[in-house]
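Structural description and commentary
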Amino acid sequence: MYGADPNRENAFSVSQVNEYIKMLLESNPTLKNIWVVGEISGAKLYASGHLYFSVKDENSVLSAVMFRSSLMNMDFRPEDGMRVLIHGRLSAYPPRGQYQLIADRMIPDGAGAMALAFEQLKNKLAAEGLFDPARKRPMPPHPRRIGVVTSPSGAAIHDIIRVAGGRDPSVEIILYPSLVQGDRAAASLVAGVRYFNQMKDHPELGVDLMIVGRGGGSAEDLWVFNHEALAREIAASQLPVVSAVGHEVDFSISDFVADLRAATPSAAAELIIPDSADARRYIDNLYARLKKPVEEGLRRRHATLDLLAGAGVLISPEAMYIHRKEAIKGLGDRIDQTVLHLHAQSRQTLTRLTAQLEALSPLAVLSRGYTLTQDGQGRVMTSAASLSEGDDLTVRFVDGAAAVSVKAVTLFESENNT
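Quick look at the structure, then. (Residues numbered from 1 in each chain as written. Predicted model: local features only at pLDDT ≥ 70, side-chain atom pairs only at ≥ 80, totals over all residues. Heavy atoms only, no water.)

This paragraph deals with the pairing of strand β7 (residues 172-177). Relative to β7, strand β6 (residues 145-150) is paired through 6 bridges, and the arrangement is parallel. Bridge assignment links Arg 145 to a residue of β7, and that residue is Glu 172. Note on the crossover from β6 through helix α5 (residues 155-167) to β7: the handedness is right-handed. (Pairing = 2+ DSSP bridges. Helix = DSSP H or I, 4+ residues; strand = E, 2+ residues; numbered from the N terminus. Right-handed = clockwise from strand over helix to strand, strands pointing away.)

Okay, structure coming up:
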């Protein structure tokens, strides 16, 4: 009934079949590096941080998973109904015998999906305050050196150099050659912003500010400037950053987080580089406004000088000198006379006071034969009644003194009655 007898020894187990299928899928070069386009369905984020979902088109459904490490690098949150481009590899899950796409990268596909992803990231960064005008850095008024992060072969750098040369040829432009589209563009742009910040104090490579951007292109071409990593690097920059992406109608996340948004790269150069011709016109205008009052001031000063030139001191300074010299000499003579007169008065006063002092001096009295008697304590004895026999006294003469002892005390009658 079943033909040849089954050979149990050569049979595969279910697990072996599933493992073999997994090996075949994972060893296929095409399936190891594949892009899949489709619509997300049944997306579910688990507590582990892994996202399980399906990607489908009008005819088929493919199971997929994006692990937490890859999901953390996403700039948007995948949602059901979103059309996306998914990169990854095909593998199988042996316990269920189910093959699946293991996704490592995802980007929106189509205007609707891209718009949704754009709004998601914009709202997220706005909630963190990265768009707050208060954190915007002012542009330096007269930059001497400007860093540009863009493609070396694109139109952006040529437009910037052209505009800078026309406005102020002395401004130096330093290019950091970066990718501006493709898988590695975001990392390349981030590296450029980081480079200029690291070199900001270098004497030759340090810049005053930087321009990050590119010329126009499709929404897909410009999508890298909506990358979250680039937005955060611009927000963390210590140097002012100008975002110049695409054309006037193009807006990117980098426009919102940068310190200044320019519609195009050439517009960025016009915004940050003062026109030297405008500066010359401004200086000429200032010169014209200052010239009139300066000339008027000079005219008044010339008139003053003409008036002073007619003064005697300037016409004949020697005569003024002789006049002043004679006046000083006369003043000196009057001072000498006054000093001599005061000196004579002082000598007369001194002579008079000296005579008065000499007349009042006790020595003058002693010179007339009088003496001065003092007891042992130096007190002057003015009355014989205060003496007693045996007292030791000192008698002062005009030319000396003698020590005496009282032998007897005699009081006169007239003095006792006094």
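Reading across the sheet, the 3 strands line up as β11-β12-β13 and stay open at both edges, with antiparallel pairing between neighbours. What marks the edges here is a single partner per strand, and that holds for β11 (372-374) and β13 (401-405). Taking the axes of each pair of neighbouring strands and ignoring which way they run, one obtains an average angle of 25° across the sheet. The sheet contact formed by strand β12 (residues 392-396) and β13 spans 5 bridges and is antiparallel. (Axes fitted to C-alpha atoms, helices over the stretch in contact; angles between N-to-C directions.)

On to the pairing of strand β5 (residues 98-108). Across 3 bridges, the pairing between strand β3 (residues 61-66) and β5 is parallel. Bridge assignment links Met 66 to a residue of β5, and that residue is Ala 103. Here 10 bridges tie strand β4 (residues 83-93) to β5, and the two strands are oriented antiparallel to one another. What sits directly across from Ile 86, in β5, is Met 106. As consecutive antiparallel partners, β4 and β5 are separated by 4 residues, and within that stretch Gly 97 has a phi angle of approximately 65°, a positive value.

The next thing to look at is the packing of α5 against helix α10 (residues 265-272). Running from amino to carboxyl end, α5 crosses α10 at an angle of 30°, the nearest separation of the two axes being 8 Å. The angle between α5 and α10 falls in the class roughly parallel. Crossing handedness for the pair α5 and α10: right-handed. In this structure, α5 uses Ala 156, Asp 159, Ile 160, Arg 162, Val 163 and Arg 167 to contact α10, whose residues at the interface are Pro 265, Ser 266, Ala 269 and Glu 270. Of the residues contributing to the contact of α5 with α10, the split by class is 5 nonpolar, 1 polar and 4 charged. (Parallel < 35°, antiparallel > 145°, perpendicular 65-115°, else oblique. Left-handed = near helix turned anticlockwise from the far one by under 90°. Contact = heavy atoms within 4.5 Å. Nonpolar A, V, L, I, M, F, W, Y, C, P; charged D, E, K, R; others polar.)

Within the secondary structure layout, Gln 100 lies in strand β5. In this view, Gln 100 contacts Ser 63, Ala 64, Val 65, Arg 89, Leu 90, Ser 91 and Tyr 93; residues no more than four positions away in its chain are not counted.

Once that is clear, we can look at the environment of Ser 188. Mapped onto the secondary structure, Ser 188 falls in helix α6 (residues 185-198). Ser 188 sits in the buried class, given a relative accessible area of 16%. Residues in contact with Ser 188, not counting those within four places in the same chain, are Tyr 176, Pro 177, Ser 178 and Leu 179. (Buried < 20%, exposed > 50% of the residue type's maximum accessible area, 1.4 Å probe, protein only.)

With parallel pairing, 5 strands are arranged side by side in an open sheet as β7-β6-β8-β9-β10. A single partner strand is all that each edge strand has here, and the edge strands are β7 and β10 (260-262). Averaged over all pairs of adjacent strands, the angle between strand axes in this sheet comes to 25°, irrespective of strand direction. As defined by bridge partners, strand β9 (residues 241-245) adjoins β10 across 3 bridges and the pair is classed as parallel. Along β10, the bridge assignment pairs Ala 244 with Ala 262. Contacts from α5 reach β6, β7 and β8 (209-214), with the element oriented near 175° to β7.

Coordinates in, geometry out; function isn't part of it.
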